[in-house]
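Listed below, chain by chain, are the residues.
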Amino acid sequence: MTDDIKPDETSIDESKIAPAPALPVLGIQPTISGDLPESEVERITSDLIGAFKTVYDPEIPVDIYELGLIYKVDLDDDRNLVIDMTLTAPGCPVAGEMPGWVENAARGVEGIQDVTVNMVFDPPWDATRMSEEAQVALNWW
């Protein structure tokens with residue numbers, strides 16, 4: 001009897017559906033040099049995300065992690081970090097202070113020995129780097 005069942009007029013031809021636009025990848029994947037245990041890298045990564053989420057641009061009520069301002073994190077075997085980050089605009093009034101805020105937050109992560117924060121502007125930041133949480137907080141829907 002099931003052979004007699006035919007798709008009704010409301011069935012969807014999936015071949016005609018456009019793919020969803022790619023969402024920005026939010027998160028940090030530390031580049032590591034190799035000898036740290038995976039569980040330790042995962043803990044440090046999680047703790048770093050928590051630390052980054054404590055740093056806010058005073059003009060924007062969203063943390064730098066959700067804004068997508070952290071571009072890259074390198075973690076070496078000696079637990080030294082190199083962080084590449086950006087600002088929402090090169091002329092940001094806290095441009096001179098924010099790298100220090102990020103450095104201090106990262107230094108608070110257990111086991112981190114040293115932190116270097118590099119300010120980069122390539123690629124330039126734009127709103128597509130924000131998480132859905134940040135977009136909701138800023139009413140950018």
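See the structure above.
Being a predicted model, the structure only gives us computed values, none of them experimental. (Residues numbered from 1 in each chain as written. Predicted model: local features only at pLDDT ≥ 70, side-chain atom pairs only at ≥ 80, totals over all residues. Heavy atoms only, no water.)

A few words on the environment of Gly 96. On the secondary structure map, Gly 96 appears in the loop between strand 3 (80–85) and helix 3 (98–107). Separated by 23 residues in sequence, Gly 96 and Met 119 have C-alpha atoms that sit 9.7 Å apart. (Helix = DSSP H or I, 4+ residues; strand = E, 2+ residues; numbered from the N terminus.)

Here helix 1 (residues 38–52) contains 15 residues, and its C-alpha end-to-end distance of 21 Å stays within 8% of the 21 Å for a straight helix at 1.5 Å per residue. Listed in full, the buried residues belonging to helix 1 are Glu 40, Val 41, Ile 44, Thr 45, Leu 48, Ile 49, Ala 51 and Phe 52. (Expected span 1.5 Å × (residues − 1). Buried < 20%, exposed > 50% of the residue type's maximum accessible area, 1.4 Å probe, protein only.)

In this structure, Glu 40 sits in helix 1. Here Glu 40 falls in the buried class, since its relative accessible area comes to 18%. Within the local environment of Glu 40, its side chain forms a polar contact with the side chain of Arg 43, the two groups lying 2.7 Å apart. (Polar contact = N/O pair within 3.5 Å; in protein donor to acceptor, adjacent residues only side chain to side chain.)

Moving on, we come to helix 3. What helix 3 keeps buried is the set Met 98, Pro 99, Val 102, Ala 105 and Ala 106. All buried residues of helix 3 fall inside an arc of 125° around its axis, so they share one side. The secondary structure elements touched by the buried residues of helix 3 are helix 1, helix 2 (64–67), strand 2 (70–75), strand 3 and strand 4 (114–119). (Arc of directions from axis to C-beta. Contact = heavy atoms within 4.5 Å.)

Next up on the list: the nonpolar core. Core analysis: the largest hydrophobic core is formed by 36 residues, its most contacted members being Phe 52, Leu 81, Ile 83, Met 98 and Val 102. Tallying contributions element by element places helix 1 first for this core, with six residues. (Core = buried A, V, L, I, M, F, W, Y, C linked by side-chain atoms within 4.5 Å.)

Before going further, it helps to examine the pattern of salt bridges. Enumeration over the complete set of coordinates arrives at eight salt bridges. A salt bridge links Glu 40 to Arg 43; the shortest N-O distance between them is 2.7 Å. Placement of the pair is Glu 40 and Arg 43 together in helix 1, with a separation of three residues, close to one helical turn. Put simply, Glu 66 and Lys 53 hold a salt bridge, and the shortest N to O gap is 2.5 Å. In this pair, Glu 66 is assigned in helix 2 and Lys 53 in the loop between helix 1 and helix 2, connecting sequence segments 13 residues apart. Overall, Glu 66 belongs to the buried group, its relative accessible area being 6%. Each of Glu 40, Arg 43, Asp 47 and Arg 79 takes part in salt bridges that share partners, so that together they form one network. (Salt bridge = Lys/Arg side-chain N within 4 Å of Asp/Glu carboxyl O.)

With that settled, consider the environment of Val 120. Position of Val 120 relative to the elements: it lies in the loop between strand 4 and helix 4 (132–137). Sequence spacing of Val 120 and Asp 84 is 36 residues, and the spatial spacing of their C-alpha atoms is 6.4 Å. Apart from the residues lying within four places of it in its own chain, the contact partners of Val 120 are Tyr 71, Asp 84, Met 85 and Thr 86.

The next subject is the pairing of strand 3. In this structure, strand 2 lies alongside strand 3, joined through five bridges in antiparallel fashion. Looking at strand 3, one finds that Lys 72 is bridged to Asp 84. In textbook terms, the turn of a hairpin is the stretch between consecutive antiparallel strands, and for strand 2 and strand 3 this stretch comprises four residues, one of which, Arg 79, has a positive phi near 70°. Both strand 3 and strand 4 contribute to a ladder of six bridges, which runs parallel. Bridge assignment links Val 82 to a residue of strand 4, and that residue is Thr 116. Chirality of the crossover, the property in question, places the unit of strand 3, helix 3 and strand 4 among those that are right-handed. (Pairing = 2+ DSSP bridges. Right-handed = clockwise from strand over helix to strand, strands pointing away.)

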